[in-house]
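So you can see what is in the structure, the chains are spelled out below.
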Amino acid sequence: MLNADQAELDKFGDLAHRWWDPNSEFKPLHDINPLRLDWIDQSVGLAGKRVLDVGCGGGLLSEGMAARGANVTGIDLSEKPLGIARLHLLESGHKVDYRKISAEALADEMPGAFDAVTCLEMLEHVPNASSIITACARLVKPGGQVFLSTLNRTPKSYLFAVLGAEYILKMLPKGTHDYAKFIKPSELVRWAKLANLEPDELVGMSYNPLTQRYSLSRDTSINYLMRATRHA
């Protein structure tokens with residue numbers, strides 16, 4: 001059984017044609033993409049690295065990493081976003097190998113093949129996040145780094161990420177997030193360690209509605225990111 005929620009795949013598939021529109025439902029992804037790219041690049045040095053983007057969707061992060069010189073593979077289980085990602089390569093001229101395959105299946109096929117693995121803004125959309133993290137750990141080479149991001153399960157995140165973003169500010173379509181699937185940092189750390197990963201960094205991501213800008217912060221109560229290294 002695939003570790004995917006068909007309703008989630010359909011939801012993002014229906015919006016796929018708007019993925020590269022910076023003023024669409026994907027505006028928050030466009031806004032945080034430079035911040036995510038800088039964080040990853042500063043940690044691993046993307047140029048010349050072989051990188052896997054798990055849950056790549058329409059390819060925002062994948063293309064961004066390719067633009068910085070990485071050899072990128074992007075995987076997703078939703079065909080429409082992958083189609084949009086491939087089409088956008090014709091416009092941008094970047095090179096990314098997009099594949100419709102699960103992280104677990106690719107881990108069986110290509111264990112230890114990547115210098116770095118990213119899985120951002122995806123874990124809160126799958127039935128079994130721990131399984132994805134284990135697959136990411138298997139896919140990265142010993143000493144390689146895994147980059148994860150998700151939403152904390154706190155009253156504050158419900159207030160801002162669900163009620164605020166979806167219902168009040170209308171930054172996201174209603175129903176984008178299921179609060180029950182949000183993940184506490186303690187849970188993410190535990191799953192990472194069980195997968196033979198050593199968490200190196202846990203940092204928050206804050207949004208200022210006045211400047212409409214995101215920044216890294218110590219506040220992990222809503223959005224947060226983790227960097228972890230696979231044990232040898």
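Conventions used here
- Residues numbered from 1 in each chain as written.
- Predicted model: local features only at pLDDT ≥ 70, side-chain atom pairs only at ≥ 80, totals over all residues.
- Heavy atoms only, no water.
- UniProt positions renumbered as here; feature names shortened; annotations may be inferred.
- Core = buried A, V, L, I, M, F, W, Y, C linked by side-chain atoms within 4.5 Å.
- Buried < 20%, exposed > 50% of the residue type's maximum accessible area, 1.4 Å probe, protein only.
- Helix = DSSP H or I, 4+ residues; strand = E, 2+ residues; numbered from the N terminus.
- Contact = heavy atoms within 4.5 Å.
- Salt bridge = Lys/Arg side-chain N within 4 Å of Asp/Glu carboxyl O.

Identification of the protein as Ubiquinone biosynthesis O-methyltransferase from Dechloromonas agitata is taken from an unreviewed UniProt entry. Taken from UniProt, the Sequence similarities (unreviewed entry) comment for the protein reads in full: "Belongs to the methyltransferase superfamily. UbiG/COQ3 family." Looking at the protein in UniProt, the text filed under Function (unreviewed entry) is "O-methyltransferase that catalyzes the 2 O-methylation steps in the ubiquinone biosynthetic pathway."

Colleague: Residue-level account of the nonpolar core, with values.
Modeller: Val54, Val117, Leu123 and Ile132 are the most contacted members of the largest nonpolar core, which totals 33 residues. Among the secondary structure elements, those contributing two or more residues to this core are strand S1 (50-54), helix H5 (103-109), strand S4 (114-119), helix H6 (129-139), strand S5 (140-151), helix H8 (185-194) and strand S8 (223-230). Dropping the residues within four chain positions of it, leucine 123 is found in contact with Ala129, Ile132, Ile133, Leu148, Ser149, Thr150, Ile183 and Leu188. Counting residues in hydrophobic clusters, the runner-up holds 26 residues, among them Trp39, Val72, Ala85 and Val203.

Colleague: Describe in detail the pattern of salt bridges, supporting the description with residues and values.
Modeller: Applying the stated criterion across every chain, the model contains 15 salt bridges. Two residues, aspartate 5 and lysine 181, come together in a salt bridge whose shortest N-O distance is 3.3 Å. With a gap of 176 residues between them, aspartate 5 in the segment before helix H1 (6-14) and lysine 181 in the loop between helix H7 (155-168) and H8 connect regions that are remote in the sequence. Overall, aspartate 5 belongs to the partly exposed group, its relative accessible area being 23%. Among the ionic pairs, aspartate 108 bridges to arginine 138, the shortest N-O distance being 2.7 Å. Within this pair, whereas aspartate 108 is found in helix H5, its partner arginine 138 is found in helix H6, the two being separated by 30 residues in sequence. Via salt bridges that share partners, Asp38, Asp41 and Arg68 belong to a single interconnected network.

Colleague: Mind laying out the UniProt feature "binding site: S-adenosyl-L-methionine" (unreviewed entry) in the protein, listing which residues take part and the relevant values?
Modeller: The UniProt feature table records "binding site: S-adenosyl-L-methionine" (unreviewed entry) at Arg36, Gly55, Asp76 and Leu120. You can see arginine 36 is positioned in helix H2 (residues 27-44). Looking at arginine 36, the relative accessible area reads 4%, which means it is buried. Discounting chain neighbours no more than four positions away, the residues touching arginine 36 are Leu29, Leu61, Leu120 and Glu121. Structurally, leucine 120 is set in the loop between S4 and H6. Sequence-distant contacts of leucine 120, defined by excluding residues within four places in its chain, comprise Arg36, Ile40, Val54, Leu61, Phe147, Leu148 and Ser149.

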